[in-house]
Amino acid sequence: MKLSLPLTGLLCAGMLLTSAASAAELTGTLKRIQHSGTMTLGYREASVPFSYLQADGTPTGYGFEVCKAVSEAVKKELNMPNLTIKYQAVTSANRIPLIQNGTVDIECGSTTNSKARQREAGFGINYFGVQVTAAVWKDSGINSIKDLNNKNVAVTSGTTAVALLKKFEKDNGIKIRYLMTKDFAESMQLVAKKRAAAFVIDDVLLAGQISNLPNPQDFKIVDASLSVEPYAPMFAKDDPAFKALVDKTIVGMMKDGTLDKYGVEMIGCDLAAIERGEDRKLFNEAMAEIGLEVARSGYAYSVADAEAIAERVGYPCVLRPSFTLGGAGGGIAHTHEELVSIVSQGLELSPAHEVLVEESIEGWKEYEMEVMRDHAGNGIIVCSIENLDPMGVHTGDS
């Protein structure tokens, strides 16, 4: 099975490649792991092909490989080669509570990275994109989500499918009878035994469940979608140091051939484009190549470097650690004391231990344009943002 990983708008807008475990004092998940000497990886028993049990009872899958790679990165980061790695089965219903109470350090399965869930847990880079739809018998006559009206539909507790279906019911004036289950395999069996007309969940999970049936040729996935959603590793909320390590690990896996191993095709932004957008030095070089003026700046690898650059560009100056999209570790220094404080933190958070010290353009106005360009050089302006905002550290600060 060939899988597609849509990175447009997922990685490009959501990357955070920092590494803060090198800081003098560990916090959050890394501190807990160091103290306990144990790291616990959450896995799913039947989320094929992301996280599931093999015949010998051990977990495997594309998502679980991410978890294992993160555990190896943690060993190196903490200099704990003998760190004990434990596995903990989770379900759709208990995965978030187990992350919140610290039973599980990270879960990499088929968990949707949604705004609602971001209020409860932290998420790394999105590593897959799916459509929420339905699996049905081919001869059922069901060809759309609306065709589920007045029918029994299997949904797994704790999944986003429940809320999406209820919203679809309300918006389209239909009525669905819900059969709640504890896992995906149970939901699919309800359809196979014709106790439910459909099983609604992510398309790639439906494909995995259908493939496990003795008669997969008799089933189909409806060509309709309730939503398009991204998958991402999940861990404790408000833990930037651990997120830094997770995100850096995922990007490394994209480079080392792990995607190819699992037949995942990257579409949208390629890694070179992502790196040009994330690395401050590469970004400035790209702007210079096309003749765009950028603020005076320099790269600091120590507080002394930053002090010298600030003397040249003047105060206030903007401080941007490399590979920390979202502003982590950055800020505006109006005084020498602020410079020392912000740069010290930024150097710890940047995996390259690099901070761009840049001339401030405070007082300018920012005008946003949404622009698309293809490989042939054709470009269009999709829209303009109609408000003028005060210039911040970056767009998100405006």
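Not measured: the values here are computed from a predicted model.

Considering the confidence of the model for the chain
Point 1. Chain-level statistics for the chain give a pLDDT mean of 85 and a share of 86% at 70 or above.
Point 2. Contacts from residues 4-24, a stretch scored under 50 in pLDDT, to residues over four places away or in other chains number 83 contacts.
Point 3. Predicted confidence for residues 393-398 stays below pLDDT 50, and this span has 14 contacts to residues more than four positions away or in other chains.

Details of empty space enclosed by the protein
Point 1. A full pass over the atoms with the stated rule returns two cavities of 30 Å³ or more.
Point 2. In terms of lining residues, the largest cavity is bounded by Arg44, Ser92, Arg95, Ser110, Thr112, Arg117, Thr159, Thr160, Phe184, Ile201, Asp202 and Leu205.
Point 3. Split into classes, the residues belonging to the lining of the largest cavity amount to three nonpolar, five polar and four charged.

Description of the side chain of Glu358
Point 1. Looking at the secondary structure, you find Glu358 in strand β20 (residues 355-359).
Point 2. With a relative accessible area of 8%, Glu358 lands in the buried category.
Point 3. Excluding residues within four positions of it along the chain, Glu358 makes contact with Ala295, Arg296, Ser297, Val313, Cys317, Val318 and Arg320.

Points about the environment of Val357
Point 1. For Val357, the position within the fold is in strand β20.
Point 2. A sequence separation of 47 residues divides Val357 from Ala310, and the C-alpha atoms of the two residues are 6.9 Å apart.
Point 3. Those residues in contact with Val357 that lie beyond four places of it in its chain are Arg296, Ser297, Gly298, Ala300, Ala306, Ile309, Ala310, Cys317, Val318 and Leu319.

A look at the packing of helix α7 (residues 184-192) against helix α8 (residues 203-211)
Point 1. Where α7 contacts α8, the axes come no closer than 10 Å and their chain directions differ by 65°. Accordingly, the angle class assigned to the pair α7 and α8 is roughly perpendicular. Between α7 and α8 lies a crossing whose hand is right-handed. Contacts from Phe184, Ala185 and Met188 in α7 reach Leu205, Gln209 and Ile210 in α8.

Digging into helix α9 (residues 240-255)
Point 1. With 16 residues, α9 extends 23 Å between its outermost C-alpha atoms, agreeing within 8% with the 22 Å of an ideal straight helix rising 1.5 Å per residue.
Point 2. Across the 16 residues that make up α9, a large majority, twelve, are buried.
Point 3. Every buried residue belonging to α9 is among Ala241, Phe242, Lys243, Ala244, Leu245, Val246, Asp247, Thr249, Ile250, Val251, Met253 and Met254, and all of these are buried.
Point 4. Backbone geometry just downstream of α9 places Gly257 in the positive-phi region, at approximately 100°.

What to know about the sheet that holds strand β5 (residues 59-60)
Point 1. With antiparallel pairing, the three strands of this open sheet are ordered in space as β3-β4-β5. Whereas interior strands pair on both sides, the edge strands pair on one side only; in this sheet they are β3 (46-47) and β5.
Point 2. One ladder, built from two bridges, connects strand β4 (residues 51-53) with β5; its direction is antiparallel. Looking at the pairing, Tyr52 lines up with Thr60 of β5.

A look at a nonpolar patch on the surface
Point 1. There is a patch of nonpolar side chains on the surface, built from Tyr367, Met369, Val371 and Ile381 and spanning about 410 Å² of accessible area.
Point 2. Along the polypeptide, Met369 turns up in strand β22 (residues 369-373).

The rules behind these values
- Sequence order sets the numbering: in each chain, residues are counted from 1 along the sequence as written.
- Where totals are concerned, whole chains, interfaces and linings use all residues; where local detail is concerned, this predicted model gives features only for residues with pLDDT of at least 70, and gives and counts side-chain atom pairs only at 80 or more.
- Water and hydrogen atoms play no part in the side-chain values, which are based on all heavy atoms of the structure.
- Within a predicted model, pLDDT stands for the predictor's per-residue confidence, ranging from 0 to 100.
- Here, two residues are considered to be in contact whenever any of their heavy atoms come within 4.5 Å of each other.
- Each cavity reported here is a set of points on a 1 Å grid over the protein atoms alone in which a 1.4 Å probe fits but cannot get out, each pocket an open set with protein on both sides within 12 Å along at least five of seven lines, and each lining residue one with an atom within 4 Å of a point.
- Grid points are joined across faces, edges and corners, and a volume is the space filled by probe spheres set on the points.
- Gly is put with the polar residues, along with every residue not named as nonpolar or charged; the nonpolar set is Ala, Val, Leu, Ile, Met, Phe, Trp, Tyr, Cys and Pro, and the charged set is Asp, Glu, Lys and Arg.
- Put simply, DSSP marks the helices as runs of H or I at least four residues long and the strands as runs of E at least two long, and each gets a number from the N terminus on.
- Under the scheme applied here, a residue whose accessible area is under 20% of the maximum for its type counts as buried, over 50% as exposed, and between as partly exposed, the area being computed with a 1.4 Å probe on protein chains only.
- The angle between two axes is taken between their N-to-C directions and runs from 0 to 180 degrees, where each axis is a line fitted to C-alpha atoms and a helix contributes only its stretch in contact.
- With respect to orientation, any angle under 35 degrees is reported as roughly parallel, any angle over 145 as roughly antiparallel, any angle of 65 to 115 as roughly perpendicular, and every other angle as oblique.
- Less than a right angle of anticlockwise turn of the near helix away from the far helix marks a crossing as left-handed, whereas a clockwise turn marks it as right-handed.
- The span expected for a helix works out to 1.5 Å for each residue beyond the first.
- If DSSP finds at least two bridges between two strands, the strands pair.
- A residue counts toward a patch only above 30% relative accessible area and without a salt bridge, and it is joined to like-charged neighbours within 9 Å or, for Val, Leu, Ile, Met, Phe, Trp and Tyr, to nonpolar neighbours within 5 Å.
- Shrake-Rupley sampling with a 1.4 Å probe provides the accessible areas, and residues are treated as covered by the protein chains on show and by no other component.
- For salt bridges, the criterion is a side-chain nitrogen of Lys or Arg within 4 Å of an Asp or Glu carboxyl oxygen.

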